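Descriptive structure summary
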Amino acid sequence: MPSPTLILTKPVALVGMMGAGKSAVGRALAERLGVAFLDSDEALTQAANMSIAEVFDRDGEAFFRARETEVIDRLLMEEPGVLSTGGGAFLAEQNRKLISSKGVSVWLRADLELLWSRVRHKTTRPLLRTDDPRATLAEIFAIRDPIYALADMEVEANENYSIAQMAEAVLQALIRAEIVKES
């Protein structure tokens, strides 16, 4: 007997802190579902023809956030797929409403220690270019955590999970919520 086919009924937007695994888990989840993987940061950098850090430096965060909303809106118009959003995207009420009206938000919830272990050696995080990036990350975490809690669903990141295991945890949550159906 053939295995059931998984059908994604609406777009899934992964939200959460930098380092939560949105891009890696999103790619694995999209592959498992046989749907497109979209990354709002990637789409924005392609459109701008520069890195996020360069956009921040040249045009400022407000400009970046406005372009981010435009990109998220455009990406959510496509066939149901998996969208990885930038860490700050879900902070904007406009983005939360956009995601909620067109898809479902899934918060990849990770604790501060796990996040720090994943981002501390990266130079591509403009918000962490401070004298004390660990303290900055803790401040950002404290501010954003309650906002991410507004997501439609939450899946706890486990430091012992592989990317595939984390994608499977998200998939199972989506099946329970009937966002993914088996045929």
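Residue numbers restart at each chain and count upward from 1, following the sequence in its written direction. Residues qualify for local features only when their pLDDT is at least 70, as the model is predicted, and side-chain atom pairs are given and counted only at 80 or more; totals for whole chains, interfaces and linings, by contrast, use all residues. Hydrogens and waters are ignored; side-chain quantities use all the structure's heavy atoms.

Some details on the overall build of the chain
Cut-off, in case you're wondering: Secondary structure elements follow DSSP: runs of H or I no shorter than four residues count as helices, runs of E no shorter than two count as strands, and numbering proceeds from the N terminus. Atoms counted for the radius of gyration: C-alpha only. Globule rule: 2.2 Å times residue count to the power 0.38. We call a residue buried when its accessible area falls under 20% of the maximum for its residue type, exposed when it is over 50%, and partly exposed in between, using a 1.4 Å probe and counting protein chains only. Contacts are assigned to residue pairs with any non-hydrogen atoms lying within 4.5 Å of each other. Areas reported here follow the Shrake-Rupley algorithm with a probe of radius 1.4 Å; residue values treat only the protein chains shown as occluding. Positive charge is attributed to Lys and Arg, negative charge to Asp and Glu, and no charge count is given to His or to the chain ends. Every charge is mapped onto a representative atom, which is NZ of Lys, CZ of Arg, CG of Asp or CD of Glu.
Of the regular secondary structure elements, the chain holds 8 helices and 7 strands. Radius of gyration (C-alpha) of the chain: 16 Å, near the 16 Å computed for a compact globule of 183 residues. C-alpha atoms of the chain, sized along the principal axes, occupy 60 × 35 × 25 Å. Burial statistics for the chain: of 183 residues in total, 45% are counted as buried. Summarising the internal contacts of the chain: among those between residues at least 6 apart in sequence, 74% fall at separations of at least 24. A total accessible area of about 9500 Å² is found for the chain, and carbon and sulfur atoms account for 50% of it. Positive and negative side-chain charges of the chain, numbering 21 and 27 respectively, have mean locations separated by a distance of 1 Å.

Section: the sheet that holds strand β2 (residues 12-15)
Using the following cut-off: A pair of strands counts as paired when DSSP detects no fewer than two bridges linking them. Lines fitted to the C-alpha atoms define the axes, with helices restricted to the stretch that makes contact. Angles between their N-to-C directions range from 0 to 180 degrees.
The strand order across the open sheet formed by 5 strands is β3-β4-β2-β5-β6, and the pairing between neighbours is parallel. Only two strands of the sheet have a single neighbouring strand rather than two, namely β3 (37-39) and β6 (153-156). If you compare each strand with its neighbour and ignore which way they point, the axes differ by 25 degrees on average. One ladder, built from 3 bridges, connects β3 with strand β4 (residues 82-84); its direction is parallel. Bridged to F37 within β4 is V82. Seen against the sheet, helix α8 (residues 163-176) touches β2, β5 (104-109) and β6 and runs at an angle of roughly 150 degrees to β6.

So, the packing of helix α1 (residues 22-33) against α8
Note the cut-off: By the definition used in this description, the sense in which the near helix is turned from the far one sets the handedness, with an anticlockwise turn below a right angle giving left-handed and a clockwise turn giving right-handed. Polar here means any residue outside two lists: the nonpolar Ala, Val, Leu, Ile, Met, Phe, Trp, Tyr, Cys and Pro, and the charged Asp, Glu, Lys and Arg; Gly therefore counts as polar.
The N-to-C vectors of α1 and α8 enclose an angle of 65 degrees; their axes lie 8 Å apart at closest approach. α8 is crossed by α1, and the crossing has right-handed handedness. Every residue of α8 that contacts α1 at A24, V25, A28, L29, R32 and L33 is listed here: I163, M166, A167, E168, V170, L171 and L174. Its residues placed into classes, the contact of α1 with α8 shows 11 nonpolar, no polar and 2 charged.

A short note on the nonpolar core
Most often, soluble globular proteins keep nonpolar side chains buried together rather than apart. Quick reminder of the rule: Here, nonpolar core refers to any group of buried Ala, Val, Leu, Ile, Met, Phe, Trp, Tyr and Cys residues whose side-chain atoms link them within 4.5 Å.
Grouped together as the largest cluster of nonpolar side chains are 57 residues, with contacts concentrated most on L137, V170 and L174. At 6 residues, α8 tops the list of elements feeding residues into this core.

Description of the packing of aromatic side chains
Convention followed: Here is the rule: rings of Phe, Tyr and Trp (six-membered ring for Trp) pair when centre to centre is within 6.5 Å. Planes less than 30 degrees apart are stacked, more than 60 are edge-to-face, and the remainder are tilted. In this scheme, the term charge over a ring applies when either NZ of a lysine or CZ of an arginine sits within 6 Å of the ring centre and within 35 degrees of the ring normal.
For the coordinates displayed, the defined rule picks out 2 aromatic pairs. The interplanar angle of 45 degrees and the centroid separation of 5.0 Å between the aromatic rings of F56 and F64 together place this pair among those described as tilted. Given the relative accessible area of 14%, F56 is considered buried. Judged by centre distance (6.1 Å) and plane angle (35 degrees), the ring pair of W107 and Y148 falls under tilted. In this pair, W107 is assigned in strand β5 and Y148 in helix α7 (residues 133-148), connecting sequence segments 41 residues apart. A cation over a ring is seen here: R67 above F63, with NZ or CZ 4.6 Å from the ring centre.

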